[in-house]
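The lines below spell out each chain.
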Amino acid sequence: MQKVYSRIESIVGNVITVRALGVRNSELAIVTSEGEQSYASVIKLDEDLVSLQVFSGAQGISTGDQVRFLGVPMRVSYTDNLLGRVFDGTGNPRDNGPSLSDNMIDIGGPAVNPAKRIIPRNMIRTGIPMIDVFNTLVESQKLPIFSVSGEPYNPLLARIAMQAEVDLIVLGGMGLKYDDYLFFKDTLENGGAMSRTIMFIHTASDPTVECMLVPDMALAVAERFAQDGKKVLVLLTDMTNFADSMKEMAITMDQVPSNRGYPGDLYSSLASRYEKAVDFEGAGSVTILAVTTMPGDDVTHPVPDNTGYITEGQYYLKGGRIEPFGSLSRLKQQVNKDTRDDHRALMDGMIKLYASYKESLEKKSMGFNMTDWDEKLLKYGRLFESKLMDLSVNIPLEGALDLGWEILSDCFEPNETGLKSDLILSRWPKKLND
Amino acid sequence: MANTSGRVVGVNGNMVTVEFDSAIAKNEVGYIHVGDDRLKGEVIRINGNTASLQVFEMTGGIRVGDAAEFSGEMLSVALGPGLLQQIYDGLQNPLPELAKQCGFFLQRGVYLDAIPNKEWEFTPLAKVGDQLRPGDTFGTVPEGLFTHQIMIPFNLADTPWKVVTIKGKGTYGVRDIICTVEDAKGNKKDLSMIFTWPVKKAIKLYEERLRPDETLVTKIRIIDTFLPVAKGGTYCTPGPFGAGKTVLQHMTSRNADVDIVIIAACGERAGEVVEVLKEFPELVDPKTGRSLMERTIIICNTSSMPVASREASVYTAVTLAEYYRQMGLSVLLLADSTSRWAQAMREMSGRLEEIPGEEAFPAYLESRIAEFYERAGKVRLRDGRIGSVTIGGTVSPAGGNFEEPVTQATLKVVGAFHGLSRERSDARKYPAIDPLNSWSKYEGIIKQENVEYARNILRRGSEVNQMMKVVGEEGTSVSDYITYQKSELIDAFYLQQNSFDPVDASVPPERQKHTFEVLFKVLATDFDLEDKKHVRSFFNTLRQKFLDWNNVETKSERFTQIEGEIRALYQGKQRGVDPDAEQLI
């Protein structure tokens, strides 16, 4: 049944209505306007009035344009040919490769049965000490990177994409600056990680509706690869743009806004995406790292606030570093007991000392006298920041732990560290001149 | 009554408009036929001959003209033996069964029997000729730890029903007819062990509601001593994300001194439910020595599951709680989080294009919240036994700001308020309940005046602390500084509790009383310490002793030993005792 309707009743924002019968909710349609085609999906039915959301925007659409219903919901191709390719929000190629249409799968599928979930158990190594040592990323975890515009969150994601020990990276870009898109592409190509990467990119100049599709496309593909045994890491940037495009759509549809203009289902919409993170028993897993920029560095803004309630912790990217205090990986306890015997103790000990360093720093800036202990802490803080916190550092977990001991031994006597004596006995670096 | 049918005329999100032909009721359950699937929904508005259904599933694929049928029943749950240990979604679908049938994903339109087909050892209590009323027991079956009472269905007319036949002692299937009753007019009803009850209607088959005057022991010090909860009472736990609401609820669900715990995971992370699902079967209930799962029911409608059934899930949970209360048991219902439930109402209200109230929540938000919490209560049943439902709900206020509609509406109707603070959780002070802002109207395990005395020190300590931030330690008097140190001691030793330590994780009331007494004596002591340096080092030593004490088994040798050390320590510096406190000791 591929009847063509050529009378559009109304055009409001990106939503058009036509009179048609037998149309399904969420069905896909093609709108042809002056030879150009765009997808649209059914969002509302009222008797024979069908409301459609036009993906490429309703700009230039005329009441005489043609609408053809396809009888299927939005889909994406799932094959190995996806690897190394770049697509837009509707699944059309962005690179010069062929478009893919075999083995189409639905996007935005049902939720995983909680009874089938398992307790997370594997860490994902990223080579970034602030993640691996202090806030370990765990397979099937969903974590946002809370940041502010101007911070290097995209370089951080690119670095994770290159270094993370996973089988597959799916990168979803929403509202990206074109330069950022090129940056990702070039970095991954030059780093040789492109062959294990699939990109769904919506740039700032693309139609808003496509922005809303990116997470669903990326996650649908990731979920299938995971079911086929792959360990998939989904990187999304930036979820605030996603939420903003939801806001835009909701308001054009005359929905009552709830908080700062965002629709009432913001929480549910974010959750249904983030909850796609899962570890399939006997198969692969989906892990989600998503950048969420906080407008005005305000964590109580509806987007980061709702995100925080959904995700399992957060990384704060501030001043070009992953902030050790605000950041939290709620699942790290599940894995950091099995890495190395000194991991937990060293993590806690170093953070406590770093907190003391911050206090000393404050005292110093207020003009107080610095004691010997303060001086030691200041030295420690400087070393900690340059050797471990810097984002360009790339060392495996074990190397980072050893480095941690080295920094401690450069600055302190063993009994000043507050670490247990048996650990100190086995791990404290032996100096050559001892 | 023939079932009403209809056809779909409109779809908007999960709201489907249906044109129907004869009579339907508000809150009646209807099904939409999509291909081979039947999607369940609830009538929430009727206008002329069209009804708006809130569909509990994703509505993709529905067409105008699709058939709809109405069941003639309100949204109900099945009640009967076999509910315990189950894991349900918001509509009482057993999730593990669903997983067996459908695999990893929740397939829409699959509805399974809530109560497993099992055989039970039935013992009749009624005889032929007995006159029974709805809610009266006519037999029992053993369900794990409990004697599950088989009652005359609550939904029968509230008149005497005469037992016509009843099966003898023996093993019967849960759905077998085991009893027949008839009313005065001769209408006969066949009864099995199962009947249904509409979730949105409170069960009121009791003689009277009592004042909640018995403390519900949670084995969490700050709650039992400072902010107690009562059996049959209500309390709420608002807090920003990461403040430990869920961890606190899990602690409570493990240790609460009640017969049955019902956990309603409503719109929260699936991962957290998984922890309960995997941990509970392994954990042993200290009271009974059996697996914790045997006293637990989990209703799990996590954030990515359909919103409409999230709205239903808290009602499902409270109905199951009321059912077990009718057996004279004490039930604790933990709802996490009521904000997600309120948001589900908001989403529906938006679709219905109702005029929004504050923050777009519907105008009836407050009355719905009040209605829900009022289903808690301690009751005397007709046969004199006492049963109770206690409700504890978490609230997730936007931005951690308690001035929002859900928190405020909840505070009006609960008996205790455990407000979690970001400051305390950032400082890793768990449980992060703010001891000064929170309140409780119930009686705790320790004498009110003594707790007030301690609370007063906390209050003054916090004032001194504020002052010290301005004038520095130098500008503070020694006596103020001692008050501050005393308040810090209460906080470190008594308010904070380590849920990972085997001893400290759950503190029985006797131990709380004992340790509080010792602490109280320290608080009442007028110390002979000359300057702040001495004060600090003295309290550091004292605090360390107290903290060590927390990790030692009660009544062990080491326990008594540390107690002696503490006593020696504070008595050594004692100048006198605060006269106000002396009479309280």
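1. Quick notes on the overall build of chain B
- A tally of regular secondary structure across chain B gives 15 helices and 28 strands.
- Referenced to the eigenvectors of the C-alpha coordinate spread, the extents of chain B come out at roughly 90 × 55 × 40 Å.
- In chain B, which comprises 585 residues, the proportion classed as buried is 58%.
- Long-range contacts, defined here as pairs at least 24 residues apart, represent 70% of the contacts in chain B between residues at least 6 apart.
- When the accessible surface of chain B is totalled, it reaches about 22800 Å², and 47% of it is carbon and sulfur.
- Looking at charge distribution, chain B has the averaged site of its 69 positive side-chain charges lying 1 Å from that of its 79 negative ones.

2. A closer look at the overall build of chain A
- Broken down by element type, chain A carries 12 helices and 23 strands.
- With the C-alpha coordinates of chain A rotated into their principal frame, the extents come out at 85 × 50 × 40 Å.
- Expressed as a percentage of its 434 residues, the buried residues of chain A come to 56%.
- For chain A, the accessible surface area stands at approximately 17100 Å², while carbon and sulfur atoms represent 46% of it.
- Side chains of chain A give 44 positive and 59 negative charges; the mean places of these two sets differ by 3 Å.

3. Let's talk about the side chain of serine 303 of chain B
- Looking at the element boundaries, serine 303 of chain B is found in the loop between β21 (296-301) and α5 (307-325).
- Judged by relative accessible area, serine 303 of chain B falls into the buried class, the value being 3%.
- At 3.4 Å, the side chain of serine 303 of chain B forms a polar contact with the side chain of glutamate 275 of chain A.
- Not counting residues up to four positions away in its chain, the partners in contact with serine 303 of chain B are Tyr267, Ala271 and Glu275 of chain A together with Gly267, Glu268 and Arg310 of chain B.

4. Quick look at the domain arrangement of chain A
Residue and element names in this part refer to chain A.
- For chain A, the domain assignment lists domain 1 (4-73), domain 2 (77-335) and domain 3 (343-427).
- For domain 1 and domain 2, the distance between their C-alpha centroids amounts to 29 Å.
- Taken together, the contact between domain 1 and domain 2 spans 12 residues of the former and nine residues of the latter.
- The interface formed by domain 1 and domain 2 includes zero residue pairs in polar contact (both at pLDDT 80 or more).
- Across the side of domain 1 that touches domain 2, the residue classes break down as seven nonpolar, five polar and no charged.

5. What about the sheet that holds strand β15 (residues 179-182) of chain B?
Residue and element names in this part refer to chain B.
- Sheet architecture is open: four strands sit in the order β10-β13-β15-β16, paired in antiparallel fashion. Looking at which strands have only one partner, the edges of the open sheet turn out to be β10 (131-132) and β16 (188-191).
- Taken together, the two bridges between β10 and strand β13 (residues 161-166) define a ladder with antiparallel strand orientation. Note on β13: the bridge partner recorded for glutamine 131 is lysine 162.

6. Considering the pattern of salt bridges
All names here are of chain B.
- Evaluation of the coordinates by the stated rule reveals 54 salt bridges over all chains.
- Note that arginine 382 is salt-bridged to aspartate 136, the shortest N-O span being 3.4 Å. In this pair, arginine 382 is assigned in the loop between β23 (377-380) and β24 (386-395) and aspartate 136 in the loop between β10 and β11 (137-143), connecting sequence segments 246 residues apart.
- We classify arginine 382 as partly exposed; its relative accessible area is 28%.
- In this structure, glutamate 374 and arginine 209 form a salt bridge, with 3.4 Å as the shortest nitrogen-oxygen distance. Here the residue glutamate 374 occupies a position in the loop between α7 (365-373) and β23, and arginine 209 occupies one in strand β18 (residues 208-210), the gap between them amounting to 165 residues.
- A relative accessible area of 40% means that arginine 209 is categorised as partly exposed.

7. What about empty space enclosed by the protein?
- Evaluated as defined, the whole model comprises two cavities of 30 Å³ or more.
- The space that makes up the largest cavity amounts to roughly 220 Å³.
- Lining the largest cavity are 21 residues, and of these Asn259 and Asn306 of chain A together with Gln343, Arg346 and Ala398 of chain B sit closest to its centre.
- Only β17 (257-259), β18 (262-263), α6 (266-274) and α7 (302-310) of chain A together with α6 (338-351) of chain B provide two or more residues apiece to the lining of the largest cavity.
- As for the second largest cavity, its lining consists of 14 residues, and the residues nearest its centre are Thr246, His250, Ile263, Ala265 and Asp336 of chain B.
- Among the secondary structure elements, those contributing two or more residues to the lining of the second largest cavity are α3 (245-255), β20 (260-266), α4 (270-279) and β22 (330-336) of chain B.
- Ranked by residue count, the leading element in the lining of the second largest cavity is α3 of chain B, at four residues.

8. A few points about a nonpolar patch on the surface
Residue and element names in this part refer to chain B.
- Residues Met467, Val470 and Val471 make up a contiguous nonpolar surface patch of about 290 Å² in total accessible area.
- As for its position among the elements, valine 471 is in helix α10 (residues 448-471).
- A relative accessible area of 44% places valine 471 in the partly exposed class.

9. A few points about helix α14 (residues 557-572) of chain B
Residue and element names in this part refer to chain B.
- Between its terminal C-alpha atoms α14 stretches 23 Å, which fits the 22 Å expected from 16 residues at 1.5 Å a residue.
- When we look at burial in α14, the residues that qualify are Phe559, Ile562, Glu563, Ile566 and Tyr570. Each buried residue of α14 sits inside an arc of 105° when the element is viewed along its axis, so together they form one side. Among the exposed residues of α14, those pointing more than 90 degrees away from its buried face are Glu557, Ala568 and Gly572.
- On its buried side, α14 packs onto α12 (509-524), β27 (525-527), α13 (532-550) and β28 (574-577).

10. A word on the packing of aromatic side chains
All names here are of chain B.
- All chains considered together, the criterion is met by 45 aromatic pairs over all chains.
- Centroid distance phenylalanine 195 to tyrosine 323: 6.0 Å. Interplanar angle 75°. Geometry classified as edge-to-face. Residue phenylalanine 195 is found in strand β17 (residues 195-198), and its partner tyrosine 323 is found in helix α5; the two are separated by 128 residues along the sequence. Tyrosine 323 matches phenylalanine 195 in its accessibility class, with the two residues each being buried.

11. Observations concerning unusual backbone geometry
- A cis amide bond links threonine 237 of chain A with the next residue in sequence, aspartate 238 of chain A, at an omega value of 5°.
- Along the chain, aspartate 238 of chain A falls in the loop between β16 (231-237) and α5 (239-252).
- Between tyrosine 430 of chain B and proline 431 of chain B the backbone carries a cis peptide bond, its omega angle lying at -10°.
- Looking at the secondary structure, you find proline 431 of chain B in the loop between α9 (422-426) and β26 (439-440).
- You will see that arginine 260 of chain A, though not glycine, has its phi angle at about 50°, which is positive.
- Examined against the element boundaries, arginine 260 of chain A turns out to sit in the loop between β17 and β18.
- Looking at arginine 260 of chain A, the relative accessible area reads 49%, which means it is partly exposed.

12. Brief notes about α5 of chain B
Residue and element names in this part refer to chain B.
- Here α5 is 19 residues long and its end C-alpha atoms lie 28 Å apart, about the 27 Å a rise of 1.5 Å per residue gives.
- In the structure, α5 departs most strongly from a straight axis at serine 313, where the bend amounts to approximately 25°.
- With 19 of its 19 residues buried, α5 lies for the most part within the structure.

13. Quick look at the interface of chain A and chain B
- Between chain A and chain B, the contact holds 51 residues from the first and 58 residues from the second.
- Buried area between chain A and chain B, summed over both chains or domains, comes out near 4600 Å², and the portion from carbon and sulfur atoms is 56%.
- Of all residues in chain A, the largest losses of buried area upon contact with chain B belong to Pro114, Tyr267 and Tyr309 of chain A, amounting jointly to 16% of the total for that side.
- Where chain A packs against chain B, one counts one salt bridge.
- The shortest N-O distance in the salt bridge between arginine 351 of chain B and aspartate 265 of chain A comes to 3.9 Å.
- Remark: the boundary between chain A and chain B carries 23 residue pairs in polar contact (both at pLDDT 80 or more).
- Elements with a minimum of two residues in the side of chain A that touches chain B: β5 (36-46), α4 (208-227), β17, α6 and α7 of chain A.
- Looking at which element gives the most residues to the side of chain A that touches chain B, the answer is α7 of chain A, with six residues.
- Residue composition of the side of chain A that touches chain B, grouped by class: 20 nonpolar, 18 polar and 13 charged.
- Note: β5 of chain A against strand β1 (residues 5-12) of chain B, three bridges, orientation antiparallel. When the bridges of β1 of chain B are listed, leucine 45 of chain A appears paired with valine 11 of chain B.

14. Concerning the environment of alanine 290 of chain A
Residue and element names in this part refer to chain A.
- Turning to its location among the elements, alanine 290 is positioned in strand β20 (residues 285-293).
- Between the C-alpha atoms of alanine 290 and phenylalanine 146, which are 144 residues apart in sequence, the distance is 8.6 Å.
- When residues no more than four places from it in sequence are discounted, the contact partners of alanine 290 are Leu143, Pro144, Ile145, Leu236, Met239 and Tyr274.

Definitions and limits used
- Residues numbered from 1 in each chain as written.
- Chains lettered and ligands numbered in written order.
- Predicted model: local features only at pLDDT ≥ 70, side-chain atom pairs only at ≥ 80, totals over all residues.
- Heavy atoms only, no water.
- Helix = DSSP H or I, 4+ residues; strand = E, 2+ residues; numbered from the N terminus.
- Buried < 20%, exposed > 50% of the residue type's maximum accessible area, 1.4 Å probe, protein only.
- Contact = heavy atoms within 4.5 Å.
- Areas by Shrake-Rupley, 256 points an atom, 1.4 Å probe, with all protein chains shown as cover.
- Lys, Arg positive; Asp, Glu negative; His and termini not counted.
- Charge placed at Lys NZ, Arg CZ, Asp CG, Glu CD.
- Polar contact = N/O pair within 3.5 Å; in protein donor to acceptor, adjacent residues only side chain to side chain.
- Domains from an automatic or database assignment.
- Nonpolar A, V, L, I, M, F, W, Y, C, P; charged D, E, K, R; others polar.
- Pairing = 2+ DSSP bridges.
- Salt bridge = Lys/Arg side-chain N within 4 Å of Asp/Glu carboxyl O.
- 1 Å grid on protein atoms, 1.4 Å probe; cavity = no way out; pocket = protein on both sides within 12 Å on 5 of 7 lines; lining within 4 Å.
- Points joined across faces, edges and corners; volume = space filled by probe spheres on them.
- Patch = residues over 30% accessible without salt bridge, like charges linked within 9 Å, V, L, I, M, F, W, Y side chains within 5 Å.
- Expected span 1.5 Å × (residues − 1).
- Arc of directions from axis to C-beta.
- Phe/Tyr/Trp six-rings, centres within 6.5 Å; stacked < 30°, edge-to-face > 60°.
- Bend = angle between axes of the 7 residues up to and from the residue.
- Buried area = accessible area lost by both parts, 1.4 Å probe.

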